Amino acid sequence: MTTADATIVRLIQGFERFRAAYFETDHSLFDHLVWDGQRPKVMVVACCDSRADPQMITDAGPGELFVIRNVAALVPPYVLDGRLAGVSAALEFGVKGLEVEHVIVLGHAMCGGVRSLMEFGDADPRFDFVGQWVGLLAEVRDEVRTLVSEAEPALLARYAERAAVLVSLRNLSTYPWIAERVAAGKLALHGWYFDFTWGVLMAAETPRGPFRQIDAAQVPAPAVGGEP
Ligand SMILES: [Zn+2]
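Residues numbered from 1 in each chain as written. Predicted model: local features only at pLDDT ≥ 70, side-chain atom pairs only at ≥ 80, totals over all residues. Heavy atoms only, no water.

S.K.: Got a minute to help me understand unusual backbone geometry in this structure?
M.R.: Glycine aside, residues mostly have negative phi, and peptide bonds are mostly found in the trans state. The peptide bond linking Gly209 to Pro210 adopts the cis configuration, its omega dihedral lying at -5°. Within the fold, Pro210 resides in the loop between β5 (200-204) and β6 (211-213). Positive phi is not limited to glycine here, since Ala72 has a value of about 75°. Residue placement: Ala72 occurs in the loop between β2 (65-70) and α4 (86-97). A positive phi is found at Met110, a non-glycine position, where the angle reads about 55°. (Helix = DSSP H or I, 4+ residues; strand = E, 2+ residues; numbered from the N terminus.)

See the structure below:
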């Protein structure tokens, strides 16, 4: 590696293009975001995977998405046990503080976190923290193991990735301030799945599935909530 590592130079050049677009050509958006604050209507819980960036795949601009990213796009259930809870704190900030109107759990194909779960359960020997984290999805592993054993491993993985989105979607409803807002028609919950092996986006019809491919001409109802 040199001090002018090409990978890092590319990122800085990217920032310079961003600055030219938003600060030199047109100040108005960031002026508005600085003086009026952020008012995103949508929170996304996404995976850390570099291929499934929610802002990139939805072509969203600055200020549009409040994003939480973690391994496998997981939402833990509501538990007040005094432990540090980064995901729950971010959910609380978005829902109670910013009053977002939509929460989207965004899973994706070929997820390394879900693969770790399927191979090692909650005890991946390669990592100190990943096993326990993806162990939140134990029910997904159990469910997939009851499916036809001769099914293609890749098909089972795609199934497990979608099932993981549904677990997180159901866990969202265990937060009392989310359930309250859903019941009042102020918040809608969505389960999305980005399959980059086919270039398609799918949405869960209910917190138990199924998933259907979506496009702007056929906007699906949220899996949970929506109009009161
Ligand atoms: Zn992932």
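S.K.: Can you walk me through the domain arrangement of the chain in this structure?
M.R.: By the assigned domains, the chain splits into domain 1 (1-37) and domain 2 (38-225). Placing a centre on the C-alpha atoms of domain 1 and another on those of domain 2 gives a separation of 29 Å. The partner domain 2 presents 4 residues to the 7 residues of domain 1 that form the contact. When the two sides are added together, the surface that domain 1 and domain 2 hide from each other amounts to roughly 380 Å², 67% of it contributed by carbon and sulfur. Inspection of the domain 1/domain 2 interface yields 0 residue pairs in polar contact (both at pLDDT 80 or more). Breaking the side of domain 1 that touches domain 2 down by element, the ones donating at least two residues are α1 (6-25) and α2 (28-36). Per element, the largest residue contribution to the side of domain 1 that touches domain 2 is 4 residues, and it comes from α2. (Domains from an automatic or database assignment. Contact = heavy atoms within 4.5 Å. Buried area = accessible area lost by both parts, 1.4 Å probe. Polar contact = N/O pair within 3.5 Å; in protein donor to acceptor, adjacent residues only side chain to side chain.)

S.K.: Is there a simple way to explain helix α7 (residues 138-145) in this structure?
M.R.: For an α-helix, the turn length of 3.6 residues means that residues three or four places apart are oriented alike. Buried within α7 are the following residues: Val140, Arg141 and Val144. Along the long axis of α7, the arc covered by the buried residues comes to 100°, so they all point the same way. The inward-facing, buried residues of α7 abut α5 (112-120) and α8 (153-172). (Buried < 20%, exposed > 50% of the residue type's maximum accessible area, 1.4 Å probe, protein only. Arc of directions from axis to C-beta.)

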